[in-house]
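# Examination of the molecular architecture
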Amino acid sequence: MTTDALIQVRDLKKHFSGASAIKALDGVSTDIRKGEVVVVIGPSGSGKSTFLRCLNLLEVPTGGKILFGVDITDKRCNIDLHRQKMGMVFQHFNLFPHMTILRNMTLAPVKLLHKSQEEAEAQALKLLQRVGLGDRGNAYPAQLSGGQKQRVAIVRALMMEPEVMLADERARPGNGRRGSGGHEGAGKRRHDDGRRHA
């Protein structure tokens, strides 16, 4: 067992029962180490999203263990506390449509990290500037393109200063250049300040 592993996955299983029983994950074991960027590649329906969602228990595994400091599959574990250490970028971004971009980004740090609104907004504006959206803080999600929403989703996750980032994304023809710019700006910050992006 490696000592530098940030996340250790052991014999992870996720089985869906019903008329069409599916073994989405059937005995996955891996280590994700500090500083690594890990990419999970496979066809649609191969369990990529299920695997990522299991890492922070948005999907509850059928079996196996996930060690992230502690065994987060243990029912005694305070999963909400550990989710604060894992940033998540969803396929559909999950931005609150009735809130401005700044409000989307500052809500969690103010409520969960107890930052002042002023401190959170200053941090948000710096991150938006880094990904080329410094002038869009007062816009609403419906006023942004898909690539811009993606960048907002990334920097919103970074606002919580997580130990690890999980990005559940699909490659989309035609917006790779825009998406790459967002990842480059956001990713550079994580590596520059020593935090981990897996």
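Just so it is clear, the structure is predicted and the values come from calculations on it, not from any experiment.

### Here we look at the side chain of Thr106
Note on placement: Thr106 falls in helix 3 (residues 101-112). Classification of Thr106 by relative accessible area gives buried; the value is 0%. Every residue in contact with Thr106, bar those within four places of it in the chain, is listed here: Gln117, Ala120, Glu121, Ala124 and Met159.

### Focus: the pairing of strand 1 (residues 5-16)
A regular strand places its side chains on the two faces of the sheet in alternate fashion. Note: strand 1 against strand 2 (residues 22-33), 9 bridges, orientation antiparallel. Within strand 2, the residue paired with His15 across the bridge is Lys23. As consecutive antiparallel partners, strand 1 and strand 2 are separated by 5 residues, and within that stretch Gly18 has a phi angle of approximately 125 degrees, a positive value. Sheet topology places strand 1 next to strand 3 (residues 63-68); 4 bridges connect them, and they run antiparallel. Considered in strand 3, the bridge of Val9 is made with Ile66.

### What about the pattern of salt bridges?
Per the counting criterion, the structure on display carries 8 salt bridges. Notably, a salt bridge pairs Asp31 with Arg10, separated by 2.9 Å at the nearest N-O pair. Taken together, the residues Asp31 in strand 2 and Arg10 in strand 1 connect sequence positions 21 residues apart. Here Asp31 falls in the buried class, since its relative accessible area comes to 16%. Looking at Arg10, the relative accessible area reads 25%, which means it is partly exposed. Taking the shortest distance from any N to any O, the salt bridge between Arg53 and Glu59 comes out at 4.0 Å.

### Digging into the side chain of Asn56
With respect to the helices and strands, Asn56 occurs in the loop between helix 1 (48-55) and strand 3. In contact with Asn56, not counting residues within four places along its chain, are Ile79, Arg83, Met86, Met88 and Leu166.

### Observations concerning the pairing of strand 3
Bridge count for strand 3 against strand 4 (residues 70-71) is 2 bridges, and the pairing is antiparallel. Counterpart to Phe68 in the pairing with strand 4 is Val70. Where strand 3 folds back on strand 4, the antiparallel hairpin that results is connected by 1 residue, among which Gly69 adopts a positive phi of roughly 85 degrees.

Basis of the calculations
- Residues numbered from 1 in each chain as written.
- Predicted model: local features only at pLDDT ≥ 70, side-chain atom pairs only at ≥ 80, totals over all residues.
- Heavy atoms only, no water.
- Helix = DSSP H or I, 4+ residues; strand = E, 2+ residues; numbered from the N terminus.
- Buried < 20%, exposed > 50% of the residue type's maximum accessible area, 1.4 Å probe, protein only.
- Contact = heavy atoms within 4.5 Å.
- Pairing = 2+ DSSP bridges.
- Salt bridge = Lys/Arg side-chain N within 4 Å of Asp/Glu carboxyl O.

Any functional reading would require information that these geometric values do not contain.
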